[in-house]
Amino acid sequence: MRSLRTGLSLASLVTGLALLLGAPPAQAADLPLRDLADAKNKVIGTAVAGSKLTGTYAEIAAREFNAVTPENAMKWGSVEPTRGTYNWAEADRIVDFAEANGQQVRGHTLVWHSQNPSWLANGAWTAAELRQLMNSHIATTMGRYQGRLATWDVVNEAFNEDGTYRQSLWYNGLGTDYIAEALTAARAADPSAKLYINDYNVEGVNAKSTAMYNLVRSLKERGVPIDGVGLQAHLILGQVPATLQQNIQRFADLGVDVAITELDIRMTLPADSAKLAQQAADYRQVLNACVAVPRCVGATVWGFGDADSWVPSTFPGQGAATPYDEGYAPKPAYHAIAEALGGTTTPPTGACTATYSVVNQWNSGFTGQVRIACDGASLSSWKANWTYGAGQQVTQAWNATCTQSGTAVSCSNASYNGTVPDGGSVTFGFNASWTGSNPVPTVTLG
Ligand code: 9MR
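Owing to the predicted nature of the structure, the values given are computational and were not obtained by experimental measurement.

Notes on the environment of threonine 268
Here threonine 268 is to be found in strand S9 (residues 257-268). Taking relative accessible area as the criterion, threonine 268 reaches 45% and is therefore assigned partly exposed. Between the C-alpha atom of threonine 268 and that of tryptophan 302, which follows or precedes it by 34 residues, the distance is 18 Å. Apart from the residues lying within four places of it in its own chain, the contact partners of threonine 268 are Lys275, Gly317 and Gln318.

Remarks on the nonpolar core
Membership of the largest hydrophobic core comes to 95 residues, with the highest contact counts inside it found for Ile138, Ile260 and Leu263. At 8 residues, the largest contribution of residues to this core is made by helix H10 (residues 178-189). Ignoring any residue separated from it by four or fewer positions in sequence, one finds isoleucine 138 in contact with Leu110, Val111, Gly143, Ala182, Ala185, Ala186 and Ala189. Trp382, Tyr388, Val394 and Phe430 belong to the second largest nonpolar core, which has 26 residues in total.

Concerning the pattern of salt bridges
Throughout the structure, instances matching the rule amount to 14 salt bridges. One salt bridge connects lysine 52 with aspartate 308, and the closest N-O pair in it is separated by 2.9 Å. Remark: aspartate 308 occurs in the loop between strand S10 (296-301) and helix H14 (311-314) and lysine 52 occurs in the loop between strand S2 (43-48) and helix H4 (55-64); sequence separation between them is 256 residues. Residue lysine 52 is classed as partly exposed on the basis of its relative accessible area of 31%. You can call aspartate 308 buried: its relative accessible area is 12%. Notably, a salt bridge pairs glutamate 64 with arginine 63, separated by 2.9 Å at the nearest N-O pair. Looking at arginine 63, the relative accessible area reads 41%, which means it is partly exposed. Among the charged side chains, a network of salt bridges with common partners joins Asp96, Glu99 and Arg148.

Focus on the pairing of strand S18 (residues 425-433)
In terms of strand pairing, strand S13 (residues 365-375) meets S18 through 9 bridges, oriented antiparallel. For glutamine 369, the partnering residue across the bridge sits in S18 and is glycine 429. Summarising the sheet, strand S15 (residues 393-398) and S18 pair through 5 bridges and their orientation is antiparallel. Counted as the bridge partner of glutamine 396 is asparagine 431 from S18.

Some thoughts on the sheet that holds strand S14 (residues 383-387)
Spatially, 4 strands are ordered S16-S17-S14-S19 in an open sheet, and the strand pairing comes out antiparallel. Every interior strand has two partners, whereas the edge strands, strand S16 (400-405) and strand S19 (444-445), have only one. Judged from the 5 bridges that link them, S14 and strand S17 (residues 408-413) form a sheet pairing that is antiparallel. Bridge pairing links asparagine 385 to serine 410 in S17.

Digging into the state of the cysteines
Going through the model one piece at a time under the given rule, you end up with 3 disulfides. Cysteine 290 shares a disulfide with cysteine 296; S-S distance 2.1 Å. Between cysteine 290 and cysteine 296, the S-S dihedral sits near -100°, and the bridge is therefore left-handed. Each member of the pair, cysteine 290 as well as cysteine 296, is classed as buried. Paired by a disulfide, cysteine 352 and cysteine 374 hold their sulfur atoms 2.2 Å apart. Given an S-S torsion of about 110°, the disulfide between cysteine 352 and cysteine 374 has right-handed geometry. One end of the pair, cysteine 352, is in strand S12 (residues 351-361); the other, cysteine 374, is in strand S13, with 22 residues separating them in the sequence. Grouping residues by exposure puts cysteine 352 and cysteine 374 together as buried.

With respect to the environment of valine 79
Inspection of the secondary structure assignment puts valine 79 in helix H5 (residues 76-79). Between the C-alpha atom of valine 79 and that of cysteine 352, which follows or precedes it by 273 residues, the distance is 50 Å. Apart from the residues within four sequence positions on either side, valine 79 is in contact with Ala73, Met74, Thr85, Tyr86, Asn87, Trp88 and His137.

What counts and what doesn't
- Residues numbered from 1 in each chain as written.
- Predicted model: local features only at pLDDT ≥ 70, side-chain atom pairs only at ≥ 80, totals over all residues.
- Heavy atoms only, no water.
- Helix = DSSP H or I, 4+ residues; strand = E, 2+ residues; numbered from the N terminus.
- Buried < 20%, exposed > 50% of the residue type's maximum accessible area, 1.4 Å probe, protein only.
- Contact = heavy atoms within 4.5 Å.
- Core = buried A, V, L, I, M, F, W, Y, C linked by side-chain atoms within 4.5 Å.
- Salt bridge = Lys/Arg side-chain N within 4 Å of Asp/Glu carboxyl O.
- Pairing = 2+ DSSP bridges.
- Disulfide = S-S within 2.5 Å.

So, in structure tokens, the structure goes:
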């Protein structure tokens, strides 16, 4: 038999076998994100606009998320555009929607330097007037929804990047203690709401997050009511801070909850499958960090669809930052969130296939290769598995790490070739020994 085999031409030895990886019927088995999050006792939320809560937008918001945050509807400029004249319509609509769908609401936001009504921002106020305005805004806004909102971002974006206090209307008028005063007023206005301070660029350990850490520590020491820290997480593709989990943990160790409050991960447009795969890996990293720390209550995405995101108008040329595309089709990031929350791996569409070939063979050995190709799907890591039925033994591999235990061979991607983009492929090779016969095995991807 061996002599027969060795006499064969190279071309006739190149045989292949491809196997579909999880060709999706309709993803019927996949649970909505909120069911996965509930099972882990985590929040998976989204920012919403009240005016959009119809049709597909409303269906996805209700089906996939167990919490909502009004993206703009509860900001001071929205609820009291003219002094003493309130407009609660959009905020009410969101709270009603949430209650109808069994969702938590995160109130956003009470004391901020931005999106204040011009009468407030442009007024000349004494400290006493400013204090009165702040306290009565908190009492009125929180009071309206008393007992109905799980959480409030009481103070938003209090710090500069270097950890000094932002020179805002509030800081300039009332000094640093406006934060403690606001929290105290908030506890009185709705004792059942969890009270947070919230900021951006505080996801990793850095000067700004350390300033926030020191503030929270001192508030706790003073007995000021503070229940949690919000890490907004407006992130850039490929730049999830390596210290995210460590940072979440250090806040948790102070005895407060932590929430990822405004998660999005923007990229330079146009999106392509490699960027979307990286984005999925980034979302996974953020969710994994939160899942790993018990006091991290969960994550809220700042809009679930790319068509609704604030990013393109603020960062020209950037976008595609959310887990759903412009047509509300789930992106790889959606599946990464699902997996981080314990869901199953199902590629959105299409498939990735593995093709095994013998490319050269001699009397005692052969060189093989496996090509992994994706069409309508992508991979961020891979493992190719097969069983040798005739005593073959892998002796050496390149562009993959292969192990063989008995007849079972398992080859994982190298550090540099885990990503297989939609329309792309990765090939790895190996040498192996054979005797008697050298049948082609079936390769599965896992
Ligand atoms: O997404 C919000 C956008 O629609 C508003 O125009 C903008 C105004 O400042 O605020 C955006 O939301 C911000 C949030 O309230 C606080 N953190 C940063 C968010 C993105 O700018």
